[in-house]
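# Descriptive structure summary
Residues per chain, in single letters:
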Amino acid sequence: MPSYLTRTRIFLLCILFVCTSSCKKFLATYSQNNSFIESAADLDELLVGEVYADYLQFNTPEMLHVMDDDIAAIIPENTYNATHESGFHYWQLQPRMNTDGKIVQSDIFFNGLYNRIARINSILHNVPLLEEKGEPAATLKRISGEAFFLRAYYYFMLVNTYGKPYKPVTASTDFGVPLKTDPAIKDQFVARSTTKQVYDQIIADLLEAEKALAGANASSTIRVNQAAPQALLSRVYLYMENYERAIYYADQVINTGTYHLKDLNSYNTGEDFLNRNAEEVIFTMGSGAVVAYLMALDYDIPSKPAYKASENLLLSYSPADLRLQVFFQRSSRGEMRVAKRRTTVSPSIDDVSDMYLLRLSEMYLNKAEALAALDGFEEARNTLQEFRKTRFKPS
């Protein structure tokens, strides 16, 4: 008879075999790159469900708004004891420290964007594999175009939030953000890429998107069409001080004739300034409720810390500027708060995002700024005047 020690060894070897086999099956089943992706429809579902920003999610970090000089804090008159964060607004040494003295360790915005980028990398990895299987080429081309655009947009937000500003002279040495475009999961430290490397990738992705999206999603503002990468290219080239290309891509969008500036002379009091089907919206995704939350628009007199428009911002509007009455709402205490949304302050399927939004008005402003930088002052004035017609009372 086998000894007790021998039986124990056999038992342990059996357990080891079963665990090893199960682990291999688990890893095979949950491969990040290929699991559950059998068709173009699977890729499209992954794109919509895991890559696009949802309107119910607060995709905009508060810091991008509260650090702005154009807003000022509203201090509630009552004692407010709940924990809140104000470090970014006051530019504190430890901006993530809350009123309880605890530092918030995680960065949901940073982590969330890289999670979406990982899914995009997986989608782009699978596109040629599905082409070989005979999946519809036009569908896969459209999916890849949308994925390239969204990866560019996410990296643009990351590098402008966590990296150094793009300066042509120093971009090749300035720190940007970690750049990852392959789908492989590696247990290793990822170093920061330079600002130039990140911007080069953004441009490359947007150019791929522009080609792939010709004729796709033409009438949609919530799925990427060809005008969206063209509009973002105008913005990115402006940041890079490549003014000629900024003008070129602004014109590409303006000259489609698809989009039109919203004329505030026809604005009806109480309406939202924009919704996703407005005539000047090119592309939007994600929540538009963050600003309404920060401004505490649910209350006439906020009972919690909130924000209002700064005096310097309000003084920059002339009496003939219609944006003053359309973009702001006065409380009974005289505080002016940003209120482009009037019908509801809760997230709505018709929202435009307060971060991921491309509009025709930006194309006019990009073009005018770029022309002025190239000393094309007369054309810059004419471009700006076309925009001003829709934002000012007739003289």
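One structure accompanies this document, and this report is about it. (Residues numbered from 1 in each chain as written. Predicted model: local features only at pLDDT ≥ 70, side-chain atom pairs only at ≥ 80, totals over all residues. Heavy atoms only, no water.)

As a further point, take the overall build of the protein chain. Tallying secondary structure elements over the protein chain gives 13 helices and 6 strands in all. Looking at the protein chain alone, contacts between residues at least 24 apart form 71% of all its contacts between residues at least 6 apart. Surface exposure of the protein chain reaches about 21,300 Å², of which carbon and sulfur atoms provide 54%. (Helix = DSSP H or I, 4+ residues; strand = E, 2+ residues; numbered from the N terminus. Contact = heavy atoms within 4.5 Å. Areas by Shrake-Rupley, 256 points an atom, 1.4 Å probe, with all protein chains shown as cover.)

Below, the discussion takes up the packing of helix α5 (residues 137-162) against helix α6 (residues 195-212). Describing two packed helices takes the angle between their axes plus the distance from one axis to the other. At their nearest, the axes of α5 and α6 sit 8 Å apart, and the two run at 155° to each other. Comparing their axes, α6 and α5 come out roughly antiparallel. Crossing angle aside, the handedness with which α5 passes α6 is left-handed. Listed contacts from α6 to K141, R142, S144, G145, F148, F149, R151, A152, Y155, F156, V159 and N160 of α5 are T195, V198, Y199, Q201, I202, D205, L206, E208, A209, K211 and A212. (Axes fitted to C-alpha atoms, helices over the stretch in contact; angles between N-to-C directions. Parallel < 35°, antiparallel > 145°, perpendicular 65-115°, else oblique. Left-handed = near helix turned anticlockwise from the far one by under 90°.)

The next point concerns the environment of F149. If you trace the backbone, F149 turns up in helix α5. Linking F149 and L207, residues 58 residues apart in sequence, is a C-alpha distance of 8.7 Å. Setting aside chain neighbours within four positions, we find F149 in contact with L206, A209, V224, A228, P229, L232, F283 and L358.

Below, the discussion takes up the environment of L207. Considering the arrangement of structural elements, one finds L207 in helix α6. In the structure, L207 is positioned 23 residues away from Q230 in sequence and 8.3 Å away in space, judged by C-alpha atoms.

One way to put it is that helix α2 (residues 40-51) packs onto α5 with a least axis distance of 10 Å and a crossing angle of 25°. Comparing the axis directions of α2 and α5 gives the class roughly parallel. You can see that α2 and α5 cross each other, and the crossing is left-handed. For the pair formed by α2 and α5, the contact residues are A40, L43, D44, L47 and V51 on the first element and T139, L140, R142, I143, E146, A147, L150 and Y154 on the second. By residue class, the composition of the contact of α2 with α5 is 9 nonpolar, 1 polar and 3 charged. (Nonpolar A, V, L, I, M, F, W, Y, C, P; charged D, E, K, R; others polar.)

We now examine unusual backbone geometry. Peptide bonds are, in most cases, trans, and in most cases residues other than glycine have a negative phi. In the Ramachandran plot, W91 falls in the positive-phi region, its phi being about 50° despite a non-glycine side chain. Summarising the element assignment, W91 is placed in the loop between β1 (71-74) and α4 (108-132). On the basis of relative accessible area, W91 is assigned to the exposed category, the value being 60%. Phi is positive for E241, which is not a glycine, with a value near 65°. Tracing the backbone shows E241 in the loop between α7 (227-239) and α8 (243-254). On the basis of relative accessible area, E241 is assigned to the partly exposed category, the value being 41%. (Buried < 20%, exposed > 50% of the residue type's maximum accessible area, 1.4 Å probe, protein only.)

Take the pattern of salt bridges next. Per the counting criterion, the structure on display carries 19 salt bridges. Between R142 and D44 there is a salt bridge whose closest N-O contact spans 3.0 Å. With a gap of 98 residues between them, R142 in helix α5 and D44 in helix α2 connect regions that are remote in the sequence. Take R142 and D44: they sit in the same class, and that class is buried. The partner of E146 in a salt bridge is R223, and the shortest N-O contact between them spans 2.7 Å. Here E146, found in helix α5, pairs with R223, found in the loop between α6 and α7; they are 77 residues apart in sequence, far enough to count as distant. By the burial criterion, E146 is buried, and R223 matches it. In this structure, a network of salt bridges that share partners links the residues D44, R142, E146 and R223. (Salt bridge = Lys/Arg side-chain N within 4 Å of Asp/Glu carboxyl O.)

Looking now at the nonpolar core. Looking at soluble globular proteins, one finds that nonpolar side chains tend to be buried together. Ranked by internal contacts, the top residues of the largest apolar core, which has 85 residues, are F149, L150 and F283. Discounting residues that sit within four places of it in the chain, F283 has contacts with Y52, F149, L150, Y153, T221, I222, R223, V224, A228, Y356, L357 and L358. One finds Y267, Y317, V326 and V352 within the second-largest nonpolar core, a separate group that totals 17 residues. (Core = buried A, V, L, I, M, F, W, Y, C linked by side-chain atoms within 4.5 Å.)

Between its first and last C-alpha, helix α12 (residues 360-373) extends 20 Å over 14 residues, near the 20 Å set by a 1.5 Å rise per residue. Among the 14 residues in α12, 10 count as buried, and that is most of the element. Within the sequence span of α12, burial applies to L360, S361, E362, M363, Y364, N366, K367, A368, A370 and L371. (Expected span 1.5 Å × (residues − 1).)

Before going further, it helps to spend a moment on the packing of aromatic side chains. Counted according to the given criterion, the structure contains 15 aromatic pairs. Ring centres of F149 and Y153 lie 5.5 Å apart, and the angle between their planes is 75°; this geometry places the pair in the edge-to-face category. Taken as a pair, F149 and Y153 lie in helix α5 at a separation of 4 residues, close to a single helical turn. A residue is classified by how much of its surface remains accessible, and F149, at 0% relative accessible area, is buried. Where Y154 meets Y356, the ring centres are 5.7 Å apart and the plane angle is 80°; that geometry is what we call edge-to-face. With Y154 in helix α5 and Y356 in strand β6 (residues 356-359), the pair connects residues that are 202 residues apart, well separated along the chain. The same class applies to Y154 and to Y356, which are both buried. Through a chain of ring-to-ring contacts, the aromatic side chains of F109, F110, Y114, Y155 and Y162 assemble into a single cluster. R245 extends its terminal NZ or CZ atom over the ring of Y248, reaching a point 4.6 Å from the ring centre. (Phe/Tyr/Trp six-rings, centres within 6.5 Å; stacked < 30°, edge-to-face > 60°. Lys NZ or Arg CZ within 6 Å of the ring centre and 35° of its normal.)

The analysis is restricted to geometry; functional conclusions fall outside its scope.
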